[in-house]
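The residues making up each chain are set out below.
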Amino acid sequence: MIATLAASALIALMTSALSPRMGRWVFLIPAIASGVAFVYFLTLAPAILSGEAVEESIEWIPSLGITLAFRMGALQLLLALVVTGVGAMILAYSVWYFESKTLKSRTVGLLTGFAASMLLLVLADDVILLVIGWELTSVFSYLLVGLNHHSRKNRSAAQTAFIVTTAGGLAMLVGAVMLGSEAGTYMLHEILAQPPESTITTVAVMLLLAGALSKSAIFPFHFWLPGAMAAPTPVSAFLHAAAMVKAGIYLSAALVPAFADIPLFRPTLIVLGVATMLVGAYRALLQTDIKVLLAHGTVSQLGLLMTIVGIGTKTALMGGLAMLAAHAMFKASLFMVVGTIDRQYGTRQLTKLGTLRKDRPLLAVAATLAAIAMAGLPPAMAFAAKEAGLEAAWEAISLPGVPTWLSVLAFAGIVVGSMGTVAYTLRFLIGTFFVDSRLREALDDEPFIVRHGMWPQLVALFPMVLAVLGIVSGFFGKPITAALEGATASAPAGEASYLALWHGFTPALAGSAIAVVGGFIVWRLFGRSMAAPVEPRFSAAAAYAGMMRGLDRLAVEVTGRTQSGSLPVHVSTIAVTVTVLAGAGLAFASLGAPKLVVADSVGQLVVGIAVSVCALVAANTRGRLKTFLLMGIVGYGTAMMFLLHGAPDLALTQILAETVLLVLLVLVLRHLPKYFTNRPLRGVRWLRALLAACVGAVAGLGALFAANSRNEASISDRFYELAYSFGFGRNIVNVTLVDIRAWDTVGEISVLLAAATGVASLIFIRTRVVDPVGTLRGRRGRPDTSKVGPGWLRAGATADMQGRAPMLEMMTRLLFPVMLVVAIYLLFAGHNDPGGGFIAGIVAGLALCVRYLAAGALELAEAAPIDAGKLLGGGIILAALSLIGPVFFGGSVGQSYDYTIEILAMGEIHFVTSVFFDVGVFLVVLGTVLDFIRSLGAGIDTQWRNDQTPRPSAHSDRTVPVRSRGAQS
């Protein structure tokens, strides 16, 4: 199972990269892989159906008991077969549906990634892992619905679907944490085997149901699903008909055996399920767009599924699961039919269709078979499943654990809802394939394009396969019943029945007959109208839209009142908050007198005094350059303090980071006034000084008391041992960063990536690549320096003679390779000696800084002819893969391995695999520094030159607003 999930994720990445070259044929790769996964799951079926469960797990954080646990029982097997089987058909169908010229390269990757996340959701046994898969399906749905981000309709539909399902997912997360905490375990099968009984459990289960209802588009969350049909038809067929919307049904069915007798469980599912059936069927009868019609029909049938499952008996659970599989087959088939019509005829309007049975007879047959299943007519499996649902509702009337009114509502709701299903099925089928052509011509005389050829005819085989399976499976009721016994045996009430096309003359058969006859009458009375649908004035969608407008308005009002645009006000607000809250905590806490050590040596005392004096002077000076230099002294003094405390790694990192910061500040300083302001100082400065002193006092006292409040042994005491036993290194700092707390480092370099991207976005609009000259361009976008004169550096001769510094150029030529060698040494030596990826990245970045300062933007482009974004992305990917990689070799996440390699000339070399993580950190840091130099250096230079505006006066108290192609300087 784990291998299947990993392969799906890798295929998602691979196919996105191959899509530009292979075009639409790239869909064959995930289609074949999905078919192989389907066969693999079938091979597990005999063991699972005999009562066993397939389990796999990987220890994630053993100390916290967090495990990546996967388990496949009968219920999970059913969903996995639906995802892989129907997914394989839809992915193969996509080869025909999409055109290579207009196909977005991310489409196939997103579809495959969705399939992987859906499998993760279904197979996860840890409820937290289940929630992760749950949210991933929402993310992929958002990206796929909004695939055409130029369309406002698509963006709005994607946002609505994401907000609704994510809100339910957050409620579900809270419920999962509460339930796991109450049960003492987060393993789903253990919770269901011994469910806890308490008020907290009831609340937790209802929160889980909130997530299930929102994901499966159950009233009042039903409105997001029809809007999501703005996505391409294969996406709608896979996500919103066969797979994602079944997640809520799956979760509800999984909870039935343990929690069906909770007071609100059955009423919630049945009442909301019946309401969804009726609303969806009514809305479907009003539609003229056949895809939207099927979307509302899907809403109605999801309500049917939830109603049947919500009855909570063995027969109901069996009927619900059988209907789940049947619905996936016939609804995916019908969506493929709609997609074929749309692609071949360029329309989905009933007013323009009608006699397609003559043009596309094979497609008409496939649609008819699927429509028979959708209407719940024999001999389809959907008929047998619906009969089981009606039988369960009728039997539940006499069960003591189920309220009579609820059972009656379920039975009547299924019958009336099925009447609506028959009616909109007739509207779809007859209106699309069998209506009189004269009616179509009378309604719309506009011709439409018909695409002929053998391939458009044969594409009907894709929906035909699923439609035929939906019909043929109805004759295999007993084997299917036996297959579902493992998922229904533990249901709390009722006697297990069986799936069959004939049970004799029963109340269920009478209900089905009433549904068919009543549905035909409803279609005759209301289903043949071709009037354009009118959105009801009062609806869940309108309520949602009103709520979002109110939320936006509230956000605007709050922002307008709190965000004045004044940086001093914002900073002062934060400072006051920190002073009041943290100061109050210190004032009212019962803390003993702290042990105060002024200094361990005279050197520390001298450095501390110097740093304090420079900080005070920096806070009271108006000159920008003077302030920045004093701030640099404070930073270097802090590094000296680290060194005096015996922390060379921290000192080296602080010195290098301070140097980069100082260079960047100087780059920005070139285009800023000499002084911060020439305005007379106001009395408010004393208030700000007092506030600053209060913040400093609170921060200092907080650190002092925190350091003296420890009552347990420090966790870092074990790092001395773990550094070598776990990370195979002697440098505790570096081993902590790349081994012991590697995930923290991933978070830190992610912040670096975000910061670099943010700075670059302020300067550039479309790309990070800078054209430093505007005309000197060679092949592949690199600077053409072939025509420049001689010089110490390749681009040095292009600079103005008055601006050249030959001595700096000479020293740069000598120092640059040395700095790079030192950076590489620090990178590989950091596991045992001072160094590491972070320090090495800063040293390499400083080498590029020197090249830029010596000869300008053209020299920087020659020294680093690569997009900084590729370094950032490559580094974060390499770091993540180095953590996950050991899993595929039988290890745990983040595990390191050490090897001793013997090289003839160099002797033995001790190699630790965590060096790959360090290389990822190195690339991210180097990319960050390069991004900063290009943004604040070369980027601003180019914009300033293009603006052709005078520099601001050194005596001005503000910069002159200028126009720029990237950002305002």
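Small disclaimer: the values here were computed from a predicted structure and weren't measured.

Rules of the game
Residues numbered from 1 in each chain as written. Predicted model: local features only at pLDDT ≥ 70, side-chain atom pairs only at ≥ 80, totals over all residues. Heavy atoms only, no water. Helix = DSSP H or I, 4+ residues; strand = E, 2+ residues; numbered from the N terminus. Buried < 20%, exposed > 50% of the residue type's maximum accessible area, 1.4 Å probe, protein only. Contact = heavy atoms within 4.5 Å. Expected span 1.5 Å × (residues − 1). Polar contact = N/O pair within 3.5 Å; in protein donor to acceptor, adjacent residues only side chain to side chain. Patch = residues over 30% accessible without salt bridge, like charges linked within 9 Å, V, L, I, M, F, W, Y side chains within 5 Å. Areas by Shrake-Rupley, 256 points an atom, 1.4 Å probe, with all protein chains shown as cover. Salt bridge = Lys/Arg side-chain N within 4 Å of Asp/Glu carboxyl O. Bend = angle between axes of the 7 residues up to and from the residue. Core = buried A, V, L, I, M, F, W, Y, C linked by side-chain atoms within 4.5 Å. Axes fitted to C-alpha atoms, helices over the stretch in contact; angles between N-to-C directions. Parallel < 35°, antiparallel > 145°, perpendicular 65-115°, else oblique. Left-handed = near helix turned anticlockwise from the far one by under 90°. Nonpolar A, V, L, I, M, F, W, Y, C, P; charged D, E, K, R; others polar. Lys, Arg positive; Asp, Glu negative; His and termini not counted. Phe/Tyr/Trp six-rings, centres within 6.5 Å; stacked < 30°, edge-to-face > 60°. pLDDT = per-residue confidence, 0-100.

1. A look at the overall build of the protein chain
A tally of regular secondary structure across the protein chain gives 37 helices and 4 strands. Buried residues in the protein chain amount to 49% of all 969 residues. A sequence separation of at least 24 residues applies to 78% of the contacts in the protein chain between residues at least 6 apart.

2. Structural notes on helix 13 (residues 290-311)
Under the 1.5 Å per step criterion, the end-to-end length of helix 13 is 32 Å for 22 residues, consistent within 8% with the ideal 32 Å. Within helix 13, 21 of the 22 residues are buried, which leaves it mostly tucked inside the rest of the structure. Capping the start of helix 13 is the job of one residue whose side-chain oxygen sits 2.9 Å from the backbone nitrogen of Lys 291: Asp 289. Of the residues one or two after helix 13, Gly 312 is the one with positive phi, at around 80°.

3. Here we look at a nonpolar patch on the surface
Side chains of Val 516, Val 517, Phe 520, Ile 521, Leu 525 and Phe 526 sit close together on the surface and give an oily, nonpolar patch of about 580 Å² of accessible area. Its place among the elements puts Leu 525 in helix 23 (residues 507-527).

4. Structural notes on helix 1 (residues 2-22)
The end-to-end C-alpha distance of helix 1, which contains 21 residues, comes to 28 Å, matching closely the 30 Å that a straight helix rising 1.5 Å per residue would cover. A maximum bend of about 35° is found in helix 1 at Ser 16, where proline Pro 20 lies one to four positions downstream. All buried positions along helix 1 are accounted for by Ile 2, Thr 4, Leu 5, Ala 6, Ser 8, Ile 11, Ala 12, Thr 15 and Ser 19.

5. Here's the deal with the pattern of salt bridges
Throughout the structure, instances matching the rule amount to 8 salt bridges. Here Glu 55 ties to Arg 71 by a salt bridge, and the two come within 2.8 Å at their closest N and O atoms. Of the two residues, Glu 55 sits in strand 1 (residues 54-61) while Arg 71 sits in strand 2 (residues 66-72), which places them 16 residues apart along the sequence. Classification of Arg 71 by relative accessible area gives partly exposed; the value is 24%. Salt-bridge contacts for Arg 348 lead to Asp 289; the nearest nitrogen and oxygen are separated by 2.9 Å. Of this pair, Arg 348 sits in the loop between helix 14 (314-345) and helix 15 (356-359) while Asp 289 sits in the loop between helix 12 (265-284) and helix 13, placing them 59 residues apart in sequence.

6. Digging into the nonpolar core
As a rule of thumb, nonpolar side chains are buried together in soluble globular proteins. Residues Phe 41, Met 72 and Phe 265 are the most contacted members of the largest nonpolar core, which totals 188 residues. Considering every element that reaches this core, the biggest residue donor is helix 14, with 19 residues. Residue contacts for Phe 41: discarding those within four places in its chain leaves Thr 4, Met 72, Leu 77, Ala 80, Leu 81, Thr 84, Leu 119 and Leu 123.

7. Things to note about unusual backbone geometry
Of note, the amide linkage connecting Phe 219 to Pro 220 takes the cis form, showing an omega dihedral of 10°. Following Pro 378, the chain continues into Pro 379 via a peptide bond in cis, with omega recorded as 10°.

8. Some thoughts on the packing of helix 3 (residues 74-97) against helix 21 (residues 461-472)
Orientation of helix 3 relative to helix 21, taken along the N-to-C sense of each, is 165°, at an axis distance of 9 Å. Relative to helix 21, the element helix 3 is oriented roughly antiparallel. For the crossing formed where helix 3 meets helix 21, the hand is left-handed. Judged by residue contacts, Met 89, Ala 92 and Tyr 93 of helix 3 engage Phe 462, Val 465 and Leu 466 from helix 21. Among the residues forming the contact of helix 3 with helix 21, the class breakdown is 6 nonpolar, no polar and no charged.

9. Topic: the side chain of Arg 360
Inspection of the secondary structure assignment puts Arg 360 in the loop between helix 15 and helix 16 (361-374). There is no salt bridge for the buried Arg 360, and the closest opposite charge comes from Asp 359, which lies 5.9 Å off by N-O distance. A polar contact is formed between the side chain of Arg 360 and the side chain of Gln 344, at a distance of 2.6 Å.

10. Focus: the packing of aromatic side chains
Counted by the stated rule, this structure contains 14 aromatic pairs. Considering the side-chain rings of Tyr 93 and Phe 462, the 6.1 Å spacing of their centres and the 75° angle between planes classify their relative orientation as edge-to-face. Of this pair, Tyr 93 sits in helix 3 while Phe 462 sits in helix 21, and the two are 369 residues apart along the sequence. For Tyr 93, a relative accessible area of 0% puts it in the buried group. Ring plane angle 50° and centroid distance 5.1 Å describe the contact between Tyr 142 and Phe 162, whose orientation is recorded as tilted.

11. Topic: the side chain of Ser 138
Topologically, Ser 138 is positioned in helix 5 (residues 127-145). Not counting residues up to four positions away in its chain, the partners in contact with Ser 138 are Phe 162, Thr 165, Thr 166 and Lys 215.

12. Some remarks on the packing of helix 14 against helix 16
In the contact formed by helix 14 and helix 16, the axes pass within 9 Å of each other and the chain directions differ by 145°. Between helix 14 and helix 16 the crossing geometry is left-handed. Contacts between helix 14 and helix 16 pair Phe 330, Lys 331, Ser 333, Leu 334, Val 337, Thr 340 and Ile 341 from the former with Leu 363, Ala 366, Ala 367, Ala 370, Ala 371, Ala 373 and Met 374 from the latter. Considering only residue class, the contact of helix 14 with helix 16 consists of 11 nonpolar, 2 polar and 1 charged.

13. Focus on the environment of Val 108
Take Val 108: it is sitting in helix 4 (residues 105-123). For Val 108 and Ala 17, which are 91 residues apart along the polypeptide, the C-alpha to C-alpha distance reads 9.8 Å. With near-sequence residues (within four places) excluded, Val 108 lies in contact with Thr 15, Ser 16, Ser 19, Val 26, Phe 27 and Pro 30.

14. Points about the environment of Asn 708
By the element assignment, Asn 708 lies in the loop between helix 29 (684-707) and helix 30 (719-725). Excluding residues that lie within four positions of it along the chain, Asn 708 makes contacts with Pro 594 and Lys 595.

15. What about the confidence of the model for the protein chain?
For the protein chain, per-residue confidence averages 85 on the pLDDT scale, and residues scoring 70 or more make up 89% of the total. The low-confidence segment residues 772-783 (pLDDT under 50) makes 23 contacts with residues lying over four places distant or belonging to another chain. Below pLDDT 50 for its whole length, residues 951-969 participates in 42 contacts with residues either more than four positions away or in separate chains.

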